[in-house]
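Structural description and commentary
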Amino acid sequence: MSEPHPRRAAITGIGLVAPNGTSTATFWKSTREGISVLDRITREGCGHLPLRVAGEVRDFDPPTVVEERYLVQTDRFTHFAMAAADQALDDAGLDRTETDAAPFSVGVVTAAGSGGGEFGQRELQQLWDKGSRFVGPYQSIAWFYAASTGQISIRRGFKGPCGVVAADEAGGLDALAHAARAVRRGTDVIVAGATEAPLAPYSMVCQLGYEELSVVDDPERAYRPFTASACGFVPAEGGAMLVVEAETSARRRGAPVRATLAGHAATFTGASRWEQSREGLVQAIRGALAEAHCAPEEIDVVFADALGVPEADRAEALAIADALGAHGRRVPVTAPKTAYGRGYSAAPVLDVAAAVLALEHGLIPPTPNVFDACHDLDLVTSRARAAELRTALVLSRGLMGSNSALVLRLGAGDGDAS
C-alpha cells in the first residue's frame, strides 16, 4: 500500500440547489429533520406520463443568480450548476480577486447523465413547428453533457484542468475523484460536482425505458428502498458543487478544511445486473478503503446508493457486509435521498454534501418514508441519530453498471483520493 500523498484533497466549500433546499443551510435543516419533499410532478407537458412523482426544485429563480447572457445559452441543469458553484466558492472564501490572479490554478470537473433536455426540447419544437431558421445557435452546446463545466469555467475565468465524467449515477463520485487527482498533480483548486434537470417531458420519456423507475403515484410510497414494498427509484433535479482544494493551499490562505477525500475506487458490472453489482461494489469499497488507509471498522456511517429495487437493495446490503465484515452489520446506514429523490449523477454528490455536514454536526440524517427495513442493516429511519463521526463511506451505482465508493474523513485526513 502506497503512502498518502502530501497534497491531500480537501473539501473547503459546498454549494447546492436541491428539492429540499437551495442553500446548504436549508438543505441540511430539511435533511437532518427527515422532511420529505417528494410530490406529484407539476412541470408543464408531463401530466399524461406514467411517471407521477419526483423531487422538483421549486424555490429557484435563475435570473436572480445567473446573468442574462448566460441564461439564454444554457439549460436548467447548467443554471443549477452555476448557482451551486457560486455558493461553493463563496463558502470556501475564494473571491474573484484570488482566482483572477491565478486562473490556471483553478479547474472544473462535472458529471451529467441527462444533459440539457429542456433546452433541447424547446429548440426541436421550434425546428418542427417553424423551421430551421428558428433554431437558436446555442442548441449545439446547451444540451451537451459538458455544458456546465464549460460555462462555469468561462463565466469565472478558470483556465485550469477541466473535464466531464460520463459514468451513470456513479459519475458524481468519479468527478470528485478526478478533482482529487488533479489536486495531487499540482492544481490548487477544482470546482467539482454534478447537477441534473431530467424533468422536462422529453427527458422523462427517455427515462421511461428504465425498468428501475418507480411509477407509483403516492409520494410516500413511491421510493422506499430496503423494504419489502420497494418499487424502484424516484428521479430528482438539482445537485451540488464542491470546492476541492489542496489541503496545504487551503491552510495557507486560512480556509477551514471541512473534510478530505481520503479514498475512491470504481468498478463496472453491466447494465441492470444487480446481483453482479454486489461483487462490483465490494471491490469498489475495498479499493476506496485501501487508498484511504482505512480499516473497515473505522467507517462510522454509510450513505447508501439505495436504488429501491429489491435485487439491487439486497446486493448492496450484502456488499456492505462483505466489504466491512462483521462491522458491516453494525455500522449505521442512511439514505437521505428518499426525502428528495435520486438525481442521477447529482445524487451521490448531494450524499457527499450531506455526509460532510453529518460529520461536522455529529448527526446521521434519517431515511424518510422507510420504516420497515427488511435487510440486515442498521438503517437509520424516523429521526436523526447522534453519533461520534470521523469517517464516512458514500456508495453509488449507475443503471448502466458503474459502481463507485468514496471515503470521507472529517477535517484533515490521512489519505488522498487519487
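So, how was this worked out
- Residues numbered from 1 in each chain as written.
- Predicted model: local features only at pLDDT ≥ 70, side-chain atom pairs only at ≥ 80, totals over all residues.
- Heavy atoms only, no water.
- Helix = DSSP H or I, 4+ residues; strand = E, 2+ residues; numbered from the N terminus.
- Rg over C-alpha atoms; globule rule 2.2 N^0.38 Å.
- Buried < 20%, exposed > 50% of the residue type's maximum accessible area, 1.4 Å probe, protein only.
- Contact = heavy atoms within 4.5 Å.
- Areas by Shrake-Rupley, 256 points an atom, 1.4 Å probe, with all protein chains shown as cover.
- Lys, Arg positive; Asp, Glu negative; His and termini not counted.
- Charge placed at Lys NZ, Arg CZ, Asp CG, Glu CD.
- Pairing = 2+ DSSP bridges.
- Salt bridge = Lys/Arg side-chain N within 4 Å of Asp/Glu carboxyl O.
- Axes fitted to C-alpha atoms, helices over the stretch in contact; angles between N-to-C directions.
- Nonpolar A, V, L, I, M, F, W, Y, C, P; charged D, E, K, R; others polar.
- Phe/Tyr/Trp six-rings, centres within 6.5 Å; stacked < 30°, edge-to-face > 60°.
- Arc of directions from axis to C-beta.

1. What to know about the overall build of the protein chain
Helix and strand counts for the protein chain come out as 13 helices and 15 strands. Whereas a compact globule of 418 residues would reach a radius of gyration of roughly 22 Å, the protein chain reaches 20 Å, a difference of no more than 12%. Here the C-alpha coordinates of the protein chain stretch approximately 65 × 55 × 35 Å along the principal axes. Buried positions account for 61% of the 418 residues belonging to the protein chain. For the protein chain, long-range pairs separated by at least 24 residues make up 80% of all intrachain contacts whose partners lie at least 6 apart in sequence. Within the structure as shown, the protein chain displays about 15500 Å² of accessible surface, and the carbon and sulfur contribution to it stands at 51%. Where the 39 positive side-chain charges of the protein chain centre and where its 51 negative ones centre are 2 Å apart.

2. A closer look at the sheet that holds strand S8 (residues 259–268)
Read from one edge of the open sheet, 11 strands run S5-S4-S6-S7-S1-S8-S15-S14-S9-S10-S12, paired in mixed fashion. Each edge of the open sheet is held by one strand with a lone partner, namely strand S5 (162–165) and strand S12 (378–379). Strand direction decides the pairing type here: strand S4 (residues 106–111) and S5, joined by four bridges, are parallel. Its bridge partner lying in S5, Val108 is registered against Cys162.

3. Structural notes on the pattern of salt bridges
Counting across every chain of the model gives 26 salt bridges. Salt-bridge contacts for Arg58 lead to Asp39; the nearest nitrogen and oxygen are separated by 4.0 Å. One end of the pair, Arg58, is in the loop between strand S3 (53–54) and helix H2 (68–71); the other, Asp39, is in strand S2 (residues 39–40), with 19 residues separating them in the sequence. In this structure, Glu245 engages Arg253 in a salt bridge whose closest nitrogen and oxygen atoms are separated by 2.7 Å. The class of Arg253 is partly exposed, set by a relative accessible area of 25%. One continuous salt-bridge network, built from bridges that share partners, spans Glu169, Asp305, Glu316, Arg342 and Arg397.

4. Quick look at unusual backbone geometry
The phi torsion of most residues other than glycine is negative, and most of the peptide bonds are trans. In this structure, Asp168 is a non-glycine residue whose phi angle is positive, near 60°. Relative to the assigned elements, Asp168 resides in the loop between S5 and helix H8 (171–184). Not every positive phi belongs to a glycine, and Phe226 is a case in point at roughly 65°. When you line up the elements, Phe226 lands in the loop between helix H9 (201–207) and strand S7 (238–246).

5. Here we look at the side chain of Thr99
Structurally, Thr99 is set in helix H4 (residues 96–101). Look at Thr99 and you get buried, because its relative accessible area is 2%. Dropping the residues within four chain positions of it, Thr99 is found in contact with Leu94, Val106 and Phe158.

6. Topic: the environment of Gly343
Within the secondary structure, Gly343 sits in the loop between strand S10 (332–334) and helix H13 (346–361). Counting along the chain gives 110 residues from Gly343 to Phe233, while the straight-line C-alpha distance between them is 9.7 Å.

7. Notes on the packing of H8 against H13
The interhelical angle for the contact between H8 and H13, taken along N-to-C directions, is 65°, at an axis separation of 6 Å. Here Gly172, Leu173 and Leu176 of H8 come into contact with H13, specifically with Pro348, Val349 and Val352. Residues of the contact of H8 with H13, tallied by class, amount to five nonpolar, one polar and no charged.

8. Considerations on the packing of aromatic side chains
Evaluated as defined, the whole model comprises seven aromatic pairs. Note on Trp143 and Phe144: the rings are 5.3 Å apart at their centroids and 70° apart in plane angle, and the pair reads as edge-to-face. Here Trp143 falls in the partly exposed class, since its relative accessible area comes to 37%. Assessed through its relative accessible area of 41%, Phe144 is described here as partly exposed. Ring geometry for Tyr210 versus Tyr344: centroids 6.3 Å apart, planes at 50°, classification tilted.

9. Topic: helix H1 (residues 24–33)
Working note: α-helix, 3.6 residues per turn, so residues spaced by three or four point in the same direction. Taken together, the buried positions of H1 are occupied by Thr24, Phe27, Trp28, Ser30 and Thr31. When H1 is viewed along its axis, its buried side chains cluster within an angular range of 165° and face the same direction. Of the surrounding secondary structure, the elements contacted by the buried residues of H1 are strand S1 (9–17), helix H3 (76–91), H13 and strand S11 (363–364). Once H1 ends, the next one or two residues include Gly34, with phi positive near 65°.

10. Concerning the pairing of strand S14 (residues 391–397)
Most of S14 sits inside the fold, with seven of its seven residues counted as buried. As paired elements, strand S9 (residues 301–303) and S14 share three bridges and run parallel to each other. Bridging from a neighbouring strand, Phe303 pairs with Val394 of S14. Note: S14 against strand S15 (residues 402–410), seven bridges, orientation antiparallel. Across the sheet, Leu395 pairs through a bridge with Ala405, a residue of S15. As consecutive antiparallel partners, S14 and S15 are separated by four residues, and within that stretch Gly401 has a phi angle of approximately 115°, a positive value.

11. Quick word on the side chain of Thr187
Counting through the fold element by element, Thr187 comes out in the loop between H8 and strand S6 (189–196). In this view, Thr187 contacts Arg7, Ser105, Val106, Gly107, Pro161 and Ala182; residues no more than four positions away in its chain are not counted.

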